[in-house]
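Observations on the three-dimensional arrangement
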Amino acid sequence: MITAEALHEKLKDIQVGSPLCRFTEDACRDLLPTIARIEELKAERNAIILAHNYVAPQILYGVADHTGDSFGLSKVARDSRADVIVFAAVRFMAETAKILNPGKTVLDPNPDGGCSLADGITATDVVRLRGQYPDHTFVCYINTTAAVKAQCDVCVTSSNVYRIIERIENDKIYFLPDRLMGENIINHLRASGIDKDVVVYDGTCYVHEEYQPESVDQVRRNFPGTEVLVHPECQPGVVAKADYVGSTTGMLDHVRASERDSFFLLTECGLTGILQSEFPGKKFVGSCTTCRYMKFNSLENILNTLENPGKKNIITLSAEVQARALRCLEQMFHYAA
Ligand code: 13P
Ligand code: SF4
């Protein structure tokens, strides 16, 4: 188990939302009883904790066995030999873990943690759209419910979306639910000289849709030499001004490899926290924004879920949804390879 000193070492440079770090050594020590109990329960139940890059740093550095983006964590869940997988993220990621490794108990400490993309489309909507676009391959972003995946042909994540769309044999694609990511796909295909008819659904991520191209211009003016890193859920005007476009783990890897020392990140604050911790010598300019759904996760709700999971914490799927959604995810691994 981590010590107060080691946890403080990891958290002491995180200053998201304040010029001061709130993780003093005493604050870290106060977290230890909860962390110790979680570790005990993990050992008793042969459980692992997966945590998305956006959740609170005391989860990422205090109790998580694996951290990452949605693609990386899906692979960890698929290959896990633990009996119990606790997924600290949002509902669709925990559902994806269950689809990929149905023999395991998958626990969601944050059962009401929606996502504006996943909540913006239902399986009934997809069935209706399939009737309207019978010749299109239906491609869904991973930010969808299991029931929606079950009605689609191929799943994608932010780390493989362009590669998969390029490789799908059909030149007619219906992409859902992220309209902005869909517009970025269309621009990417055009720039690559690939001719495909891509129809997009009208959902958005409420965090990423807010970023404006003017903010990038302002940062470039005020902090010359700053690298601009953007998530593909941002609007095309923002993506067009980026130095790097990719998933949350893609951004992390990009900062690690970059020789620059100043970065502007257009994505959720959790990632800025990780970067401040991992690269204390580098500067992260501008302000980030938070995803309220990801921030519902806490050490306390992880502990409660492991100790005494309620019905809503345990992911269960019908056999039909399970089998059909698995096919959609398997197509992702096939095209992403
Ligand atoms: P990543 O797969 O890039 O981590 O993105 C997930 C997400 O929800 C971004 O808002
Ligand atoms: Fe969904 Fe946006 Fe939150 Fe990611 S940041 S989980 S896309 S609402």
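The structure under discussion appears in the preceding block.
For the structure given in this document, a descriptive report is provided here. (Residues numbered from 1 in each chain as written. Chains lettered and ligands numbered in written order. Predicted model: local features only at pLDDT ≥ 70, side-chain atom pairs only at ≥ 80, totals over all residues. Heavy atoms only, no water.)

1. Overview of the overall build of the protein chain
- A count of helices and strands for the protein chain gives 15 helices and 12 strands.
- For the C-alpha atoms alone, the extent of the protein chain along its principal axes is close to 60 × 55 × 30 Å.
- Across the 337 residues that make up the protein chain, the buried fraction comes to 55%.
- Sequence-distant contacts in the protein chain: of pairs separated by 6 or more residues, those separated by 24 or more amount to 66%.
- Total accessible area on the protein chain is roughly 14200 Å²; 48% of this is exposed by carbon and sulfur atoms.
- Counting 35 positive and 44 negative side-chain charges, the protein chain places the averaged centre of each group 3 Å from the other. (Helix = DSSP H or I, 4+ residues; strand = E, 2+ residues; numbered from the N terminus. Buried < 20%, exposed > 50% of the residue type's maximum accessible area, 1.4 Å probe, protein only. Contact = heavy atoms within 4.5 Å. Areas by Shrake-Rupley, 256 points an atom, 1.4 Å probe, with all protein chains shown as cover. Lys, Arg positive; Asp, Glu negative; His and termini not counted. Charge placed at Lys NZ, Arg CZ, Asp CG, Glu CD.)

2. Considerations on the site of ligand 1
- With respect to spatial proximity, the complete set of residues near ligand 1 consists of His 52, Tyr 54, Asp 69, Ser 70, Asn 143, Ser 158, His 208, His 231, Glu 233, Ser 247 and Thr 248.
- Between Tyr 54 and ligand 1, the recorded distance is 3.4 Å, taken from a side-chain N or O atom to an oxygen atom.
- Taking Glu 233, its side chain carries an N or O atom lying 3.0 Å from an oxygen atom of ligand 1.
- Burial of ligand 1 by the protein chains amounts to 95% of its free accessible area of 300 Å².
- Partitioning the shell around ligand 1 into residue classes produces one nonpolar, eight polar and two charged. (Near = heavy atom within 4 Å. Polar contact = N/O pair within 3.5 Å; in protein donor to acceptor, adjacent residues only side chain to side chain. Nonpolar A, V, L, I, M, F, W, Y, C, P; charged D, E, K, R; others polar.)

3. Points about the environment of Ser 287
- With respect to the helices and strands, Ser 287 occurs in the loop between β12 (283-285) and α14 (299-307).
- Of the residues examined, Ser 287 reaches a relative accessible area of 63% and is grouped as exposed.
- Taking the C-alpha atoms as reference points, Ser 287 and Phe 175, 112 residues apart in sequence, are found 30 Å from one another.

4. Notes on the site of ligand 2
- Within the structure, ligand 2 sits among Tyr 54, Cys 115, Ser 116, Leu 117, Asn 143, Cys 205, Tyr 206, Val 207, Glu 233, Cys 291, Tyr 293 and Met 294.
- Looking at the shell around ligand 2 residue by residue, the class counts come to nine nonpolar, two polar and one charged.

5. Re the sheet that holds strand β3 (residues 84-88)
- Spatially, the four strands line up as an open sheet ordered β2-β1-β3-β4, and their pairing is parallel. Edge positions in the sheet fall to β2 (66-68) and β4 (105-107), since each of these pairs with one other strand and no more. Here the strands of the sheet are splayed against their neighbours by 20° on average, with no regard to which way each runs.
- Across five bridges, strand β1 (residues 47-52) lies against β3 in parallel orientation. Its bridge partner lying in β3, Ala 47 is registered against Val 84. (Pairing = 2+ DSSP bridges. Axes fitted to C-alpha atoms, helices over the stretch in contact; angles between N-to-C directions.)

6. Considering helix α1 (residues 4-11)
- Within α1, the full set of buried residues consists of Ala 4, Leu 7, His 8 and Leu 11. Considered in projection along α1, the buried side chains sweep an arc of 100° and stay on one side of the axis.
- Looking at the buried residues of α1, the elements they touch are α2 (25-45) and α3 (57-62). (Arc of directions from axis to C-beta.)

7. Quick look at the pairing of strand β11 (residues 262-266)
- Within β11, five of the five residues are buried, leaving the element largely enclosed by the surrounding structure.
- The alternating pattern of β11 places Ser 262, Phe 264 and Leu 266 on one face and Phe 263 and Leu 265 on the opposite face, and all of these are buried.
- Sheet topology note: the strand β9 (residues 227-230)/β11 ladder contains four bridges and is parallel. By the bridge assignment for β11, Val 228 is matched with Phe 264.

8. Regarding helix α15 (residues 319-336)
- Between its terminal C-alpha atoms α15 stretches 26 Å, which fits the 26 Å expected from 18 residues at 1.5 Å a residue.
- Restricting attention to buried positions, one finds in α15 the residues Gln 322, Ala 325, Cys 328, Leu 329, Met 332, Phe 333, Tyr 335 and Ala 336.
- The secondary structure elements touched by the buried residues of α15 are α4 (70-79), α5 (91-100), β5 (137-141), α7 (146-149), β6 (154-156) and α8 (161-167). (Expected span 1.5 Å × (residues − 1).)

9. Regarding the packing of α5 against α15
- Taken N-terminus to C-terminus, the directions of α5 and α15 make an angle of 95°; their axes are 9 Å apart at the nearest point. Considering the angle they form, α5 stands roughly perpendicular to α15. Contacts between α5 and α15 pair Thr 96, Lys 98, Ile 99 and Leu 100 from the former with Gln 322, Ala 325, Leu 326, Leu 329 and Phe 333 from the latter.
- For the contact of α5 with α15, the per-class residue count stands at six nonpolar, two polar and one charged. (Parallel < 35°, antiparallel > 145°, perpendicular 65-115°, else oblique.)

10. Side note on the packing of α4 against α15
- Where α4 contacts α15, the axes come no closer than 13 Å and their chain directions differ by 115°. Of the possible angle classes, the one that applies to α4 and α15 is roughly perpendicular. Between α4 and α15 lies a crossing of left-handed hand. Counting all contacts with α4, which are made through Phe 71, Lys 75 and Arg 78, the residues of α15 involved are Met 332, Phe 333 and Ala 336.
- For the contact of α4 with α15, the class distribution of residues is four nonpolar, no polar and two charged. (Left-handed = near helix turned anticlockwise from the far one by under 90°.)

On their own, these measurements won't tell you what the molecule is for.
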